[in-house]
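Chain by chain, the residues run as shown.
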Amino acid sequence: MAEVILDHVWKSYGGNIWAVKDFNLTIKDREFMVFVGPSGCGKSTTLRMIAGLEEISKGSISIAERVVNNVPPKDRDIAMVFQNYALYPHMTVYDNMAFGLKLRNYKRADIESRVREASDILGLADYLHRKPKALSGGQRQRVAVGRAIVRKPKVFLFDEPLSNLDAKMRVQMRAEISKLHVRLEATMIYVTHDQVEAMTMGDRIVVMKDGVVLQVATPLDLYENPANLFVAGFIGTPPMNLFEGLIRRGADGWIFDGASMQVALLPEMQAKLEAYVDKQVVMGIRPEHVGSPIAENTADAPKIKAHVDVVEPMGAETYLYMTSGRHNFIAKIDPHRRCAMGSELQLAFLEAKAHFFDPATTNLIV
Amino acid sequence: MRRMGLWGLLLVLASGAQAGGWVQDLPDRTVIHLQVTDLPDPSYPEASNQGDVAVIKEMVRRFPALFAERYRATYTRNPGKYGRHRWDRVELDVRKFSGIKIEGMGGGTLLAIAGGVAPDVLDVYFNSSDQYISQGFLYPLDKPEDNYFTGMTEAEKAFCIHPKVMPGIYRKGPDGQKHLWAMPRGGVKGSIMLYRKDLLDANNVPYPKNDWTWDDYFAICKKVTDPGKGIYGAVFPIGFFEGGNFIPYLWGAGGEMMEYNEAKDEWRAVYNSPAGVQALDFYTRICNEIWHDKNGRKRYGYVMRAPADSKDIWYKWSEGRIAFMGQDIDEKMFTQINPDLTGIVVPPKGPGGQRGTSLGSRLQGIFAGIKDPVIRDAAWEFMRFLDCEDAARIRTRFQVEGGLGRFVNPSYLRMFGYEDMLRFAPKEIEECFKISLATGRPPASGRNFNGISQIMTKPLVKAADLTINGTMPDDPRERTALLQSLLDESALEANERIVGRISPRELLTRRVSAGVVLVLIGITFGFVFRNIAKVFAPPPTATGVPTGWGFRKYMWAYVILVPAVLTILVWSYLPLLIGSKMAFQDYRIMGGSAWVWVDNFGAVLWDADWWTCVWNSMRYCVLVVSLTFLPPVILAVLLQEIPVGKILFRTLFYLPAVITGLVVIYLWKSFYDPTEYGVLNAVVSAIPALGYIVLAVIFFVILFLFAKRLYIHQRYVLALVCLAAGGIVAWFFFSFALPILNQPGIHWYQALLKTAPEPSRWLLDPKTAMFCCVLPSVWAGMGPGCLLYLAALKGIADDFYEAADIDGATFIDKIMFVVIPLLKPLLIIQFVGVFIGSWNSDAFILAMTGGTSGTTVAGLHIFYQAYMFLKFGPATAMAWILGFMLIGFTVQQLRILSRLEFKTTGDKK
């Protein structure tokens, strides 16, 4: 069992400034856990605390039912892949992978078989005698991964491993790491600032901001039920459309009044929004729920008239950057639907998929 | 490129020597500027010095009249020879020579002559006069056409030149004829001994009488010496020319240094006589005899050993901590001694019934390189006046008026009308001086004598080392035999040097081997230049067609290069080429060098001294590389690791670097004081044996751990090197504990907490001297080196350390497998620098030890040969051979450097 438990973990670099605040999480055995968040949110710091590269200021971390606060990194049974790969430039690929094993006094034959195995998995067999300088970025990344897997640790830590790769390579490596996770059956903790990586790779995702965990959930759950405005805006491409407006109790039922756009509210939402009548709220709706075929085909879906600023055909769909009064939003529409830049367009809102947030606390209302 | 300094000077040589005086035409008068070696400093108020100043002033004042009387007519008549100047109003301007002088070398003038900036009037010392004469530096003063010496009256001659000095200055010159070469400056000097009355009184020793003997001298020294309090019987200076100090003892024992064979016109060293052995025995015993003081500390000898120029000697003497001090007193002005504190006595009689009294005289001669007879005439008049009766009168007056009258030779007091002063003059001074003058003899001087005192130094040093090691036999017969063999060896070498004759068979061997070496040198240098040209040639293009130098395309680049290239060519390579000619000549500064072809190389190849110096250089190089190259790396790594106070430590380690090199040397020289008052001795002797053993163990364990990790990583050779280094370092510390544990009378375990029984002799001991020469540069170079590495370490991304942490690397692993490989480019560059620097250390050693105690490195030897002994030919040959030996390293370094990729160490790619 390689469960990683973070119990009320705090981190401060001196003074009263906390880089990580009260981090509480249980990472299950063999789980692929992704920490995501913008720069400086504390995700890497947390990972480095798990690795033992940073001291823990408060709280405790345990790996495989052992508190590791005072255990040096090499004894934590972990392996880490660094953003810059940290390959030793003076060693060959083989030596880079074998280094950790040599230091642990593995037998020569054992080292050999483990490195061969890892290099087969990663497709590095032909490059074992090259120096890192003679490898491409992707190959270097593989060596870095290989260095981690030869030791067969219980927990793998990845610190933004793909951010130095080009877009295509990143997509490819992403899939390979996911496959590796299945194959190695180990616990993996993966830090990234790229929400696409997070969504595609993680069993569960931890969204962090300013050292605080905002939400821990599976990728779909995170997408569909963001706990607050930040998660809503951070997860998903293009991001969720956010509209500021008032809740009004009108004659034909409740409406969200955003000045230039008025959306009638579904009855099941009304109860939750009771307290917000005549108050400011933020309505969030994902681009695929605006003007998409499903929305257009839903009867009674409210229609919004807006100005088309930019048209971005993506092939499978087309993004429209729209303006309606003071609101800007993005719609994902059927690529066959013709529309021209500068024209006016009526788009259907799939209001059942809309979320409402409290602008003061940023938390989800419904 | 390592001999540049030398080559630069050689260039100056090649351009021909010339003197400094000149004739200046002013609208209303002509001024003759004369440059002399030395002038008294008018700002120094001491009476006899003021007397000297007054003499010079008087000379300048009288010159116009003197000129009018003796020269004007001749000059005006012969403008072709003397130039067209206003000879009706002529003035003299005397200036002090301001050229290069090296303290303690006495060869300042030689350097000036070699450098082509010699003064017009040369100061010559008695014992070096032969070199000046044989090299043709001096202008003969008795040419009838000049009417210099011949123009002097007999009374004048009698007043100026003491009969005992005459043989020294009236000698055969390079032309085989006898000439007068120099005039005495000041009176003849006789050696006497001064003693501190207070120190003898304190030890209840009666004052020595003039009939005392060596045994009395030895007994008094033995009685008063107390090294624990820094009190010694006398001072026996050390250094290259220690042999010179031995000569009076040789005489005292009835021996002689050199013998002249009139028939063969040949000098022979004869100091390996029984008298020589007796003298050496006495000399060695008084300097080095082992005894134990009342605290049981081991002591050596009864005299203070220090370089002759050590300030400490005069300090100790003035403090009354040295009983006897030898001094040469001047005929005219005896010496300034305080009769209440200081007594005067003649040197003691030796077993041969002789006194080791030497005569000396300061001399002045005219530089032979003067082209203008006007300057030469002025120089002669200057010299002539400086020691005439009028000058003596002026000096005497100043001395009497300055309260020094009682120290003036009474005959001068009488001569110049100061009879009333006579009653103040201490009788014993005059008596001593008379004995000294009667028994004294001038130092032998003859062809090829320079360097003989250096050869004579060898048996002294060897005998001293044997005594200190305890291997000198006590049995008088064995002892005599041993000392005899040391002297024989030295005399043989001296004779070879003087005669310079070798058998035709050996000459052939030498010439052949020299030829072979020369061919090798030629091939090697040719190969190297080809190689260098290849490296710097433009790379061929992909099509295989060379791109050429692109003069048109890169015109401005070449224009910008021109000054640098010209500078290097003119100041480095050109002199190197021109100077190389000297390697094949018996080079003479004043011209007329004979071609000797490969003989210089042959002589150098078979010169044991030279190879000893090469060996010294190698020792020095190994020490420098191992001590100054690695410690900054280690220090930097440690500093990088410590969590607090980084800046403080960095500053502390850097501080020594702000001290200038020369200050560092003198600072450390004082640290190396061989008595227990020396800073280093105080530190070292405060640590008990156990402390050293613990240090030895700690260092061994650290290096053992490194070796172990290296072994695990299959780096067997490196592991072995590490282990060996551990052994050496451990042995180094243990060697401090050894003499403590080895004390007679106590078991080693009882001595564990005891401290050193005797102070270390540091620079005086050949075993430690070289190490001590290196230590200051380690100390001073640690900070800057460390800073460089720290900067490089900062460039190593933390990732590497962290990755290694997670991989399970220990601190040692990280240093060996992460830090050092990543620092490799910098390490190589630094290594090259340190290595080259270690062969370029001549100046450092010169200032530190002057090359004594087995520290003469090759470069210093070359320097001495060239500038002290004026053997420019062999010196140049040596420089080429040294260059040849180092070229291999240089090529290898060039190859490494050309392969290196210069990039930041933390480069992630």
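Residues numbered from 1 in each chain as written. Chains lettered and ligands numbered in written order. Predicted model: local features only at pLDDT ≥ 70, side-chain atom pairs only at ≥ 80, totals over all residues. Heavy atoms only, no water.

Draft legend 1. Seen up close, the overall build of chain B. For chain B, the helix and strand inventory stands at 34 helices and 18 strands. Expected size for 909 residues packed as a compact globule is a radius of gyration near 29 Å; at 32 Å, chain B falls within 12% of this value. By the burial criterion, 50% of the 909 residues in chain B qualify as buried. In chain B, the share of contacts with a sequence separation of at least 24, taken over all contacts with a separation of at least 6, comes to 74%. Carbon and sulfur atoms make up 63% of the accessible area of chain B, which totals about 42500 Å². Of the side-chain charges in chain B, 92 are positive and 82 negative, and the distance between the mean point of each set is 5 Å. (Helix = DSSP H or I, 4+ residues; strand = E, 2+ residues; numbered from the N terminus. Rg over C-alpha atoms; globule rule 2.2 N^0.38 Å. Buried < 20%, exposed > 50% of the residue type's maximum accessible area, 1.4 Å probe, protein only. Contact = heavy atoms within 4.5 Å. Areas by Shrake-Rupley, 256 points an atom, 1.4 Å probe, with all protein chains shown as cover. Lys, Arg positive; Asp, Glu negative; His and termini not counted. Charge placed at Lys NZ, Arg CZ, Asp CG, Glu CD.)

Draft legend 2. Region of interest: the overall build of chain A. Secondary structure summary: chain A contains ten helices and 19 strands in total. Oriented by its inertia axes, the alpha-carbon framework of chain A measures out at about 80 × 45 × 35 Å. Out of the 366 residues belonging to chain A, those deemed buried represent 52%. The long-range fraction of contacts in chain A, counting pairs at least 24 apart against all pairs at least 6 apart in sequence, stands at 66%. Looking at chain A as shown, the accessible area adds up to about 15900 Å², and 50% of this sits on carbon and sulfur atoms.

Draft legend 3. Structural context of the interface of chain B and chain A. On the chain A side, the residues contacting the 22 residues of chain B number 27 residues. Overall, the association of chain B and chain A removes approximately 2300 Å² of surface from exposure, summing both partners, and the carbon and sulfur fraction of that is 60%. Counting across the chain B and chain A interface gives two salt bridges. Of the charged contacts, one joins Glu-802 of chain B and Arg-48 of chain A as a salt bridge, the two residues approaching to 2.4 Å between their closest N and O atoms. Remark: the boundary between chain B and chain A carries eight residue pairs in polar contact (both at pLDDT 80 or more). Secondary-structure elements contributing two or more residues to the side of chain B that touches chain A are helix 27 (689-712), helix 30 (798-807) and helix 31 (811-838) of chain B. Its residues assigned to classes, the side of chain B that touches chain A comprises ten nonpolar, three polar and nine charged. (Buried area = accessible area lost by both parts, 1.4 Å probe. Salt bridge = Lys/Arg side-chain N within 4 Å of Asp/Glu carboxyl O. Polar contact = N/O pair within 3.5 Å; in protein donor to acceptor, adjacent residues only side chain to side chain. Nonpolar A, V, L, I, M, F, W, Y, C, P; charged D, E, K, R; others polar.)

Draft legend 4. How the structure looks around the packing of helix 2 (residues 93-103) of chain A against helix 3 (residues 108-122) of chain A. Residues and elements named next belong to chain A. Running from N to C, helix 2 and helix 3 cross one another at 135°; their axes reach a closest spacing of 10 Å. Relative to helix 3, the element helix 2 is oriented oblique. When you trace helix 2 past helix 3, the crossing you get is right-handed. Across from Tyr-94, Met-97, Ala-98, Leu-101 and Lys-102 in helix 2, the residues of helix 3 making contact are Ile-111, Glu-112, Arg-114, Val-115 and Ser-119. Residues belonging to the contact of helix 2 with helix 3 are distributed by class as follows: six nonpolar, one polar and three charged. (Axes fitted to C-alpha atoms, helices over the stretch in contact; angles between N-to-C directions. Parallel < 35°, antiparallel > 145°, perpendicular 65-115°, else oblique. Left-handed = near helix turned anticlockwise from the far one by under 90°.)

Draft legend 5. Expanded view of helix 2 of chain A. All names here are of chain A. The element helix 2 is largely enclosed, with a buried count of nine among its eleven residues. Buried within helix 2 are the following residues: Val-93, Tyr-94, Asn-96, Met-97, Ala-98, Phe-99, Gly-100, Leu-101 and Leu-103. At the C-terminal side of helix 2, Asn-105 shows a positive phi close to 60°.

Draft legend 6. Here's a closer look at the pattern of salt bridges. Applying the stated criterion across every chain yields a total of 55 salt bridges over all chains. We note a salt bridge from Glu-160 of chain A to Lys-43 of chain A, for which the minimum N-O separation is 3.6 Å. Here the residue Glu-160 of chain A occupies a position in the loop between strand 7 (155-159) and helix 5 (167-184), and Lys-43 of chain A occupies one in helix 1 (residues 43-51), the gap between them amounting to 117 residues. A residue is classified by how much of its surface remains accessible, and Lys-43 of chain A, at 4% relative accessible area, is buried. Close ionic contact of Asp-28 of chain B with Arg-89 of chain B constitutes a salt bridge, the shortest N to O distance being 3.8 Å. You can see Asp-28 of chain B sitting in the loop between strand 1 (22-25) and strand 2 (30-36) and its partner Arg-89 of chain B sitting in the loop between helix 4 (79-82) and strand 3 (90-96), a full 61 residues away along the chain. For Asp-28 of chain B, a relative accessible area of 32% corresponds to the partly exposed category. Overall, the relative accessible area of 41% leaves Arg-89 of chain B in the partly exposed class. Beyond isolated ion pairs, a larger network of salt bridges with shared partners links Asp-38, Lys-96, Asp-123, Arg-185 and Arg-362 of chain B.

Draft legend 7. Quick peek at the confidence of the model for chain B. All names here are of chain B. Predicted confidence across chain B gives a mean pLDDT of 84, with 93% of residues reaching 70 or more. Of the regions scoring below 50 in pLDDT, residues 1-18 engages in 48 contacts with residues more than four places distant in sequence or in other chains. Predicted confidence for residues 904-909 stays below pLDDT 50, and this span has twelve contacts to residues more than four positions away or in other chains. Across the interfaces of the predicted complex, the ipTM metric reaches 0.85, alongside a pTM of 0.78. (pLDDT = per-residue confidence, 0-100.)

Draft legend 8. Layout of the nonpolar core. Of all hydrophobic cores here, the largest spans 232 residues; its most connected members are Phe-35 of chain A together with Phe-382 of chain B. Dropping the residues within four chain positions of it, Phe-382 of chain B is found in contact with Leu-34, Val-36, Leu-39, Ile-56, Met-59, Val-94, Val-121 and Gln-364 of chain B. The next biggest cluster of nonpolar side chains, apart from the first, holds 52 residues, and it includes Ile-231, Ala-269, Phe-324 and Ile-455 of chain B. (Core = buried A, V, L, I, M, F, W, Y, C linked by side-chain atoms within 4.5 Å.)

Draft legend 9. Just the sheet that holds strand 2 (residues 18-27) of chain A, in detail. Residues and elements named next belong to chain A. Taken in spatial order, the four strands line up as 2-1-4-5 in an open sheet, and their pairing is antiparallel. Both edges of this open sheet fall to strand 2 and strand 5 (66-67), since each of them pairs with a single strand only. Direction of pairing for strand 1 (residues 4-12) relative to strand 2: antiparallel, over a ladder of six bridges. If you follow Ile-5 over to strand 2, its bridge partner there is Thr-26. Along the sheet, helix 1 makes contact with strand 1, strand 2 and strand 4 (58-63), crossing strand 1 at roughly 120°. (Pairing = 2+ DSSP bridges.)

Draft legend 10. Molecular detail of the sheet that holds strand 3 (residues 32-36) of chain A. All names here are of chain A. Read across the open sheet, the six strands follow the order 6-7-8-3-9-10; overall the sheet is mixed. At either end of the open sheet lies a strand with only one pairing partner, and these are strand 6 (78-81) and strand 10 (212-217). Going across the sheet, the axis of each strand differs from the next one's by a mean of 15°, ignoring polarity.

Draft legend 11. Up close: a nonpolar patch on the surface. Judged by side-chain polarity, Leu-561, Val-562, Val-565, Leu-566, Leu-569, Val-570 and Trp-571 of chain B come together as a nonpolar surface patch covering roughly 620 Å² of accessible area. Within the fold, Val-565 of chain B resides in helix 21 (residues 555-580). (Patch = residues over 30% accessible without salt bridge, like charges linked within 9 Å, V, L, I, M, F, W, Y side chains within 5 Å.)

Draft legend 12. Inspection of the packing of helix 27 of chain B against helix 31 of chain B at higher detail. All names here are of chain B. One can describe the packing of helix 27 onto helix 31 by two numbers: an axis separation of 10 Å at closest approach and a directional angle of 65°. Here helix 27 runs over helix 31; the crossing is right-handed. Seen from helix 27, the contacting residues are Leu-705, Phe-706, Arg-709 and Leu-710; seen from helix 31, they are Ile-812, Asp-813, Ile-815 and Met-816. For the contact of helix 27 with helix 31, the residue count by class is six nonpolar, no polar and two charged.

Draft legend 13. Up close: the packing of aromatic side chains. According to the stated counting rule, one finds 64 aromatic pairs over all chains in the structure shown. A centroid spacing of 6.0 Å and a plane angle of 55° characterise the contact between Phe-256 of chain A and Phe-356 of chain A, whose relative ring orientation is tilted. Of this pair, Phe-256 of chain A sits in strand 12 (residues 253-258) while Phe-356 of chain A is found in strand 19 (residues 355-357), placing the two residues 100 residues apart along the sequence. Here the two residues Phe-256 of chain A and Phe-356 of chain A agree in accessibility, since each one is buried. Here the basic side chain of Arg-147 of chain A rests over the ring of Tyr-88 of chain A, its NZ or CZ set 5.3 Å away from the ring centre. The aromatic ring of Phe-218 of chain B is capped on one face by Arg-285 of chain B, whose charged end is 4.9 Å from the ring centroid. (Phe/Tyr/Trp six-rings, centres within 6.5 Å; stacked < 30°, edge-to-face > 60°. Lys NZ or Arg CZ within 6 Å of the ring centre and 35° of its normal.)

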